[in-house]
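Take a look at the letters that make up each chain.
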Amino acid sequence: MKNTLLLGILCVLALPRIALSQEYSYTHYDIADGLAGSSAYCITQDSDGFIWIGTDAGVSRFDGAHFRNFTTKDGLPDLEVLQIFGDSKGRVWMAPFRNAVCYYYQGRIHNSQNDSTLRKMRLRENIQSFAEDAQGNILIQEKKALHILKADGSYIRMDSLDHQPVWHSEVASASIAGNFQVQVGPSVIEFSPERLVRKTRIGYWDDVPAYIAMNPSIVAYLGWPFAYTFYSFAGKRVITQPYDPKHHAHISFSILDDSLVYSNEALGTTEYNIHTGQTRQFLPGVRVSKVFRDRFGNVWFTSLGRGLFRLISNDTRLIRLPVGSREQSSVLSITRSRDELWVGGDRENIFRISLPGMSLHDGKFFNLFSSNRVLYIDTIGSDKMIAGTDYGLIEGTRGLRCITHFYTGVKSVVHLGDTALLVGCSWGAGTVHLPDFRIADTLWRERTTVVFCSKDTIYVGTLNGLYRSVHGGPPIDLGAQDPFLRRRISSIAESPDGTLWIASYDDAGIIGFKDGRQTISLTTRQGLTSDFCRTLSIHGNSLWVGTDKGLNRVRLDEPGYPVTQFTTRDGLASDMINTIYIDSSRVYVGTPEGLNYFNENKMTGESHCLLYLLSVANGDKDRIADTNHLVIPYSDRRVRFEFAAIDFRADGDVTYRYRLAGLDDKWTQTKENFLEYPNMPSGDYALELQAIDKFGVHSRLLSIPLEVTARLWERTWFILTAWLASLAVLWLLISFRIRRIRRRQQEKDRLLLEMNRLENTALKSQMNPHFIFNCLNSIQQSIFSGDTASANSYIAGLARLIRMTLHNSSRSFVHIDDEIDYLSSYLQLEKMRFKEKIDYEITIDPSIDRAAALIPPMLIQPYVENSLVHGLGPKKAGKGRIAIRIDKVGSRLIVTIEDNGVGRDAAAAAAQPAGHPSVGMALTKDRIDILNKLYERPFSITVADLKDDHDRPTGTRIVIDLPLFLEQTLYS
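Residues numbered from 1 in each chain as written. Predicted model: local features only at pLDDT ≥ 70, side-chain atom pairs only at ≥ 80, totals over all residues. Heavy atoms only, no water.

## A closer look at the overall build of the chain
For the chain, the helix and strand inventory stands at 10 helices and 78 strands. Computed over C-alpha atoms, the radius of gyration of the chain comes to 61 Å, more than 25% over the 30 Å expected from 2.2 N^0.38 for 972 residues, which places it beyond the range of a compact globule. Seen along its three principal axes, the alpha-carbon backbone of the chain occupies a region of about 195 × 95 × 45 Å. Residues counted as buried form 51% of the 972 residues belonging to the chain. Across the chain, every contact between residues at least 6 apart in sequence was considered, and the portion connecting residues at least 24 apart equals 51%. If you sum the accessible surface of the chain, you get close to 45300 Å²; carbon and sulfur atoms cover 51% of it. (Helix = DSSP H or I, 4+ residues; strand = E, 2+ residues; numbered from the N terminus. Rg over C-alpha atoms; globule rule 2.2 N^0.38 Å. Buried < 20%, exposed > 50% of the residue type's maximum accessible area, 1.4 Å probe, protein only. Contact = heavy atoms within 4.5 Å. Areas by Shrake-Rupley, 256 points an atom, 1.4 Å probe, with all protein chains shown as cover.)

Below, the structure written as structure tokens:
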């Protein structure tokens, strides 16, 4: 039976040496991805970093994830755009198929309908190209005319150069010196708007070059006879390449920098390096129209009918492994043996690829009639190899010659030292003794999916979970303690810290398992491309995870285990990952389409992430021009922010983190490229936004200050006004209350004053009868004594005194002179009554303004009368004397009345008889009390007894202290 099997196996089948077709990896964008049209004619990049593509159905702006398309509805004169150019000021110039020109700037398209400068241009033909010089002047080229829009806004039309008409002018660019250079016929003319600089003949014939392209360093064209001609301005040298029109259908030239020229054809594009002479082929079978390299180093290809392509990386390659004349092999296993890469396919074939050139050395089939997969391949020693396939375990030579085999349906193999293998098979798991190539021990007798060994511990993955055997002991079911470990196990790997990473086929992701417990779980929620994980590989601090939807790199040395995804968008030939092999920084990935390989550092280290705000929608209009300080009215607090992260390497895998400072200090993450706040509260905020691509590259932090106006009653001025109004109302109420109280009080005071005035008048009226009675009593005594002359004189003086009394009693105040006159008249009568037994003296302080000073009337007379009646009346010996002195002390008057009478004690002993009470002093005291109430300026009276050295009475002194009333202040 063994011989029969060996006869059925073709152990040695030499294949001829094959030159591998290494293909570059591209990201492809078409209408389904949002591109405006499938036929892309032109491409440029604006100053912000957006890529612009002119197509047959409009213009597309691309940020790496989203296309924003512009059509005639947005202002394009025509849908089909043939030329496009981005200048240094952020404008994107466009030339449609119709004879017209327009440009995009600050959110809208400017054309001849809305731009006065463009309205001046009269175009007769299609625009051939655009250019910008170092001064910012823009050149717009027709075949027979040049239009220059100067940086200062002026416009120049040029129909001739160097005194010759412009004719068959196909292309223009800036020159190395920063001027314009334009092709006219077989020459290139360098000029500025002010002068001609130089003229260079680029052709050997007078024929007009065809399919010409030009940049500051090189001009390329299709010359005659059929040849590609490249002219270098710097070296002034001509390079030609043969051109066979039977095998090439030329479309255009594209030039990058000072060395690379691309011949764009119907079956792809060919890159010529004019410095090294090397050539490379790109996009075979694609009608390439233009090649463009952006400022981040990405190379773009526009095509006719196939949309847009981006070269993912010069280092990302795909090798398709041929099987027969029309088929190709999947890659299921990879290993390195010396300076070769060994690759296992799906037809029991093994390919050997030389390193580092990656050319196929040869390939062998172990079973020509089988389609078994080579799931494991490795070398043993210096001359043997081991292959594990669906058919069995095969031992052979390094030359891929079969030595022996046994049928076991290999699923997984692990080396156990130099002499043994741990093999997982369709029937179970066991160890293989390599020297005699036989199964030495059986460890498991059920179908096995994967085996793994760590030191003295063996793990066996099955359809029903994971089992562990330590020191050769019986297997222990780990699924009893962790539900994940009851799933179908697909792959196991161990990281440097001893964590066992376990993958499952059962759409559950992977877990980290350490010290007998699950430490971490990674699924699509944490960033994996899929939860259906097929293979694992550890390299340094990175865990590589192959799924059915792409490749993932998990950084084990960073918090949160960040995940970087790699898919067909990043250059993989397929998202179905069969196996992963890592050699230094180069990652080899086996897929159904062949072998992909790339440099890990270049794939993850060339990304750029730029963040721009695209629009701020509020109140049915775009408020992006107001973002220096955005004010949102309270009446419409719905705000929508749209933004874009320009990141072509990440291919849309960008996460945005944001927060509204002032409302929430916590960062929130989203994959959407917009934020919407339907009902923002009033206040001052700052929207902070940042983009992070899948490689961990952060954009700048974008901060947008904004203010949501408060409702009327929430605004500061309204609150202050309300407070002030409340205070004003309160003040008015209080003032009204105070005024009311004051009015009441004033009314009371007025009534009181009136009562006091009436009372004062009443008192004075009471004094008049008293005084008159005393005077009549004196006249009566004179008549009774028979002194008629004295009586007549007395009656005359009395009449005068009565007139003065009646006049003064009707007034509240009198001048001091009037009061002194009144007192003098009174004392003169009393002197007559006392038979000239008394003398009197009145003295006035000369500092008193007697014309202006006022005094209440009849205030002094009662005290003078009291001195005469009670002090001098009882006096027996000597002549009586009364001295009245009025002094000014500050703002007061001091009235002193001094007599040399008997004193108060003797006067009290000689009191008046009953029925004749002395009421003058009592009435005067009441008047003083009323005056104190009326004027709130105190009046005071002091009475003192005068005595000699022997304490004998010598008279009385009365001092009246009263305010100094002035006429101008009292009645003002």
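Here the narrative resumes, following the displayed structure.
## Structural notes on the packing of helix 6 (residues 816-833) against helix 7 (residues 861-872)
Relative orientation of the contacting elements helix 6 and helix 7 amounts to 15 degrees, with a least axis distance of 11 Å. In terms of orientation, helix 6 and helix 7 fall into the roughly parallel class. Helix-helix and strand crossings are classified by hand; for helix 6 and helix 7 the assignment is right-handed. In this structure, helix 6 contributes Tyr822, Leu823, Tyr826, Leu827, Glu830 and Arg833 to the contact, and helix 7 contributes Gln861, Val864, Glu865, Leu868 and Val869. Of the residues in the contact of helix 6 with helix 7, the class split is 7 nonpolar, 1 polar and 3 charged. (Axes fitted to C-alpha atoms, helices over the stretch in contact; angles between N-to-C directions. Parallel < 35°, antiparallel > 145°, perpendicular 65-115°, else oblique. Left-handed = near helix turned anticlockwise from the far one by under 90°. Nonpolar A, V, L, I, M, F, W, Y, C, P; charged D, E, K, R; others polar.)

## Here's the deal with the sheet that holds strand 61 (residues 594-599)
With antiparallel pairing, the 5 strands of this open sheet are ordered in space as 1-32-61-60-59. Looking along the sheet, the strands with just one partner apiece sit at the ends: strand 1 (22-24) and strand 59 (579-583). Taking each pair of neighbouring strands and ignoring which way they run, the sheet shows an average axis angle of 25 degrees. Looking at chain direction, strand 32 (residues 317-319) and strand 61 are connected through 3 bridges and run antiparallel. Following the sheet pairing, Leu318 is matched in strand 61 by Asn596. (Pairing = 2+ DSSP bridges.)

## What to know about the sheet that holds strand 7 (residues 81-86)
The sheet built from 4 strands is open, its strands ordered 7-8-9-10 with antiparallel pairing. The open sheet is flanked by strand 7 and strand 10 (108-110), the only strands paired with a single partner. Between one strand axis and the next, the sheet turns by 25 degrees as a mean value, whatever way the strands run. Bridge analysis of strand 7 against strand 8 (residues 92-96) gives 5 bridges, and the strand direction is antiparallel. Looking at strand 8, one finds that Ile84 is bridged to Met94.

## Brief notes about helix 6
Compared with an ideal rise of 1.5 Å per residue, which puts 18 residues at 26 Å, helix 6 spans 25 Å between its outermost C-alpha atoms and is within 8% of the ideal. Residues of helix 6 that are buried include every one of Ile816, Glu819, Ile820, Tyr822, Leu823, Ser825, Tyr826, Leu827, Leu829, Glu830 and Lys831, and no others. (Expected span 1.5 Å × (residues − 1).)

## Concerning the packing of aromatic side chains
If you walk through the whole model with that rule in mind, you get 39 aromatic pairs. Grouped by ring-pair contacts, the aromatic residues Tyr24, Tyr26, Tyr262, Phe282, Phe301 and Phe309 constitute a single cluster. Lying across the ring of Tyr505, Arg488 places its NZ or CZ 4.3 Å from the centre. (Phe/Tyr/Trp six-rings, centres within 6.5 Å; stacked < 30°, edge-to-face > 60°. Lys NZ or Arg CZ within 6 Å of the ring centre and 35° of its normal.)

## Some remarks on the confidence of the model for the chain
Predicted confidence across the chain gives a mean pLDDT of 85, with 91% of residues reaching 70 or more. Confidence drops under pLDDT 50 across residues 1-20; counting only partners more than four residues distant or on other chains, this segment forms 38 contacts. For the stretch residues 913-917, pLDDT sits under 50, and the model shows 2 contacts to residues farther than four places along the chain or on other chains. (pLDDT = per-residue confidence, 0-100.)

## Remarks on the packing of helix 5 (residues 788-809) against helix 6
Relative orientation of the contacting elements helix 5 and helix 6 amounts to 155 degrees, with a least axis distance of 10 Å. For the element pair helix 5 / helix 6, the angle class is roughly antiparallel. Remark: the crossing between helix 5 and helix 6 carries left-handed chirality. Residues Ser790, Ser793, Tyr794, Gly797, Leu798, Arg800, Leu801, Met804, Thr805 and Asn808 of helix 5 form the contact with helix 6, whose own contacting residues are Asp818, Asp821, Tyr822, Ser825, Tyr826, Leu829, Glu830, Met832 and Arg833. For the contact of helix 5 with helix 6, the per-class residue count stands at 8 nonpolar, 6 polar and 5 charged.

## Observations regarding the nonpolar core
Within the largest apolar cluster, 42 residues are counted, with the highest numbers of intra-cluster contacts made by Ile816, Val864, Leu868, Ile886 and Ile897. If one sorts the elements of this core by residue count, helix 6 sits on top with 7 residues. In this structure, Ile816 is in contact with Ile844, Ile848, Arg850, Ala853, Ile855, Ile886 and Leu893, ignoring residues within four places of it in sequence. Residues Ala40, Tyr104, Leu308 and Ala644 belong to the second largest nonpolar core, which totals 30 residues. (Core = buried A, V, L, I, M, F, W, Y, C linked by side-chain atoms within 4.5 Å.)

## A closer look at the environment of Ser584
Following the sequence through the fold, Ser584 ends up in the loop between strand 59 and strand 60 (586-591). In this structure, the C-alpha to C-alpha distance between Ser584 and Tyr794, residues 210 residues apart in sequence, is 150 Å.

## Examining the pattern of salt bridges
For the structure shown, the criterion picks out 35 salt bridges. Residue Arg553 is joined to Glu600 by a salt bridge in which the shortest nitrogen-to-oxygen separation is 3.0 Å. Of the two residues, Arg553 is situated in strand 57 (residues 550-555) and Glu600 in helix 3 (residues 600-605); the sequence distance between them amounts to 47 residues. In this structure Arg553 comes out as buried when scored by relative accessible area, which is 6%. Take Glu600: its relative accessible area is 10%, and that puts it in the buried class. Three or more residues joined by partner-sharing salt bridges are found here, namely Arg638, Arg640, Glu642 and Glu676. (Salt bridge = Lys/Arg side-chain N within 4 Å of Asp/Glu carboxyl O.)

## What to know about the environment of Leu689
Checked against the element boundaries, Leu689 lands in strand 69 (residues 683-693). Assessed through its relative accessible area of 0%, Leu689 is described here as buried. As for Leu689 and Trp167, which are separated by 522 residues in sequence, their C-alpha atoms are 52 Å apart. Among residues more than four places away in sequence, those in contact with Leu689 are Leu611, Phe643, Tyr656, Arg657, Tyr658, Leu675, Arg700, Leu701 and Leu702.

## Structural notes on unusual backbone geometry
For the bond running from Leu355 to Pro356, omega is 5 degrees, close enough to zero to count as cis. Its location among the elements puts Pro356 in the loop between strand 37 (349-354) and strand 38 (359-365). Located in the positive-phi region is Asp162, a residue other than glycine, with phi close to 55 degrees. Among the secondary structure elements, Asp162 is positioned in the loop between strand 15 (160-161) and strand 16 (164-165). Since its relative accessible area comes to 32%, Asp162 is described here as partly exposed.

## As for the environment of Leu393
Relative to the elements of secondary structure, Leu393 occurs in strand 41 (residues 392-397). When its relative accessible area of 0% is taken as the criterion, Leu393 is described as buried. With 11 residues separating them in the primary sequence, Leu393 and Thr404 have C-alpha atoms 8.7 Å apart. The residues contacting Leu393, other than those within four sequence positions of it, are Ile386, Ala387, Gly388, Thr404, His405, Phe406, Thr408, Val410, Leu421, Val423, Val432 and Phe437.

## Some points on a nonpolar patch on the surface
A cluster of nonpolar residues, Ile719, Trp723, Leu724, Leu727, Leu730, Ile734 and Ile738, forms a patch on the protein surface that exposes about 680 Å² of accessible area. Summarising the element assignment, Leu727 is placed in helix 4 (residues 716-784). (Patch = residues over 30% accessible without salt bridge, like charges linked within 9 Å, V, L, I, M, F, W, Y side chains within 5 Å.)

## Topic: helix 7
Counting buried residues in helix 7 gives 10 out of 12 residues, a clear majority hidden from the surface. Gln861, Pro862, Tyr863, Val864, Glu865, Ser867, Leu868, His870, Gly871 and Leu872 are the residues of helix 7 that are buried.

## Description of the pairing of strand 25 (residues 250-256)
Among the 7 residues that make up strand 25, 6 are buried, leaving the element largely enclosed by the rest of the structure. Where strand 25 lies against strand 26 (residues 260-265), 6 bridges are found, and the strand directions are antiparallel. Looking across to strand 26, one finds that Ser254 is bridged to Tyr262. In textbook terms, the turn of a hairpin is the stretch between consecutive antiparallel strands, and for strand 25 and strand 26 this stretch comprises 3 residues, one of which, Asp257, has a positive phi near 60 degrees.

## Brief notes about the state of the cysteines
Working definition: the covalent bond between the sulfur atoms of two cysteines is a disulfide. Enumeration according to the criterion identifies 0 disulfides in this entry. Free of any disulfide, Cys42 has its nearest cysteine sulfur in Cys102, 11 Å distant. With relative accessibility at 2%, the residue Cys42 sits in the buried group. (Disulfide = S-S within 2.5 Å.)

## Notes on the pairing of strand 29 (residues 288-293)
As defined by bridge partners, strand 29 adjoins strand 30 (residues 299-303) across 5 bridges and the pair is classed as antiparallel. Directly across from Val288, in strand 30, lies its bridge partner Ser303. What sits between strand 29 and strand 30 in their antiparallel hairpin is a turn of 5 residues, with Gly297 showing a positive phi close to 95 degrees.

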